[in-house]
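Structural description and commentary
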Amino acid sequence: MNLLRIRIHHLIEQLSDEELENVWLDMHALHCDFYMLRAIQQVKRSQQPWDILTQEEAIRMLMFV
């Protein structure tokens with residue numbers, strides 16, 4: 001793992017500020033997508049046929065997350 005950290009730091013040092021900002025935005029978006037995918041998979045594993053929300057209930061729950 002340490003070798004990977006060194007390689008990543010070396011790569012980061014080679015990026016311009018603009019490229020680094022673009023990489024950050026892309027990585028953040030991927031992180032958020034991965035977080036949501038994990039949450040969806042967890043719900044699919046625990047969901048039962050009687051666990052159904054109306055659209056209004058779902059929107060209300062998403063606003064509080």
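Residues numbered from 1 in each chain as written. Predicted model: local features only at pLDDT ≥ 70, side-chain atom pairs only at ≥ 80, totals over all residues. Heavy atoms only, no water.

Section: the overall build of the protein
- Secondary structure assignment for the protein yields three helices and zero strands.
- Here the C-alpha radius of gyration of the protein, 19 Å, is well above what a compact globule of 65 residues would show, namely 11 Å.
- Referenced to the eigenvectors of the C-alpha coordinate spread, the extents of the protein come out at roughly 55 × 25 × 15 Å.
- Per-residue burial over the protein gives 0% buried out of 65 residues. (Helix = DSSP H or I, 4+ residues; strand = E, 2+ residues; numbered from the N terminus. Rg over C-alpha atoms; globule rule 2.2 N^0.38 Å. Buried < 20%, exposed > 50% of the residue type's maximum accessible area, 1.4 Å probe, protein only.)

Remarks on a nonpolar patch on the surface
- Judged by side-chain polarity, M1, L4, I8, I12 and L20 come together as a nonpolar surface patch covering roughly 480 Å² of accessible area.
- Residue contributions to the nonpolar patch peak at three residues, all from helix α1 (residues 2-14).
- Mapped onto the fold, I8 is located in helix α1. (Patch = residues over 30% accessible without salt bridge, like charges linked within 9 Å, V, L, I, M, F, W, Y side chains within 5 Å. Areas by Shrake-Rupley, 256 points an atom, 1.4 Å probe, with all protein chains shown as cover. Salt bridge = Lys/Arg side-chain N within 4 Å of Asp/Glu carboxyl O.)

What to know about the environment of R5
- Relative to the elements of secondary structure, R5 occurs in helix α1.
- Note: C-alpha distance between R5 and L15 (10 residues apart in sequence) is 16 Å.

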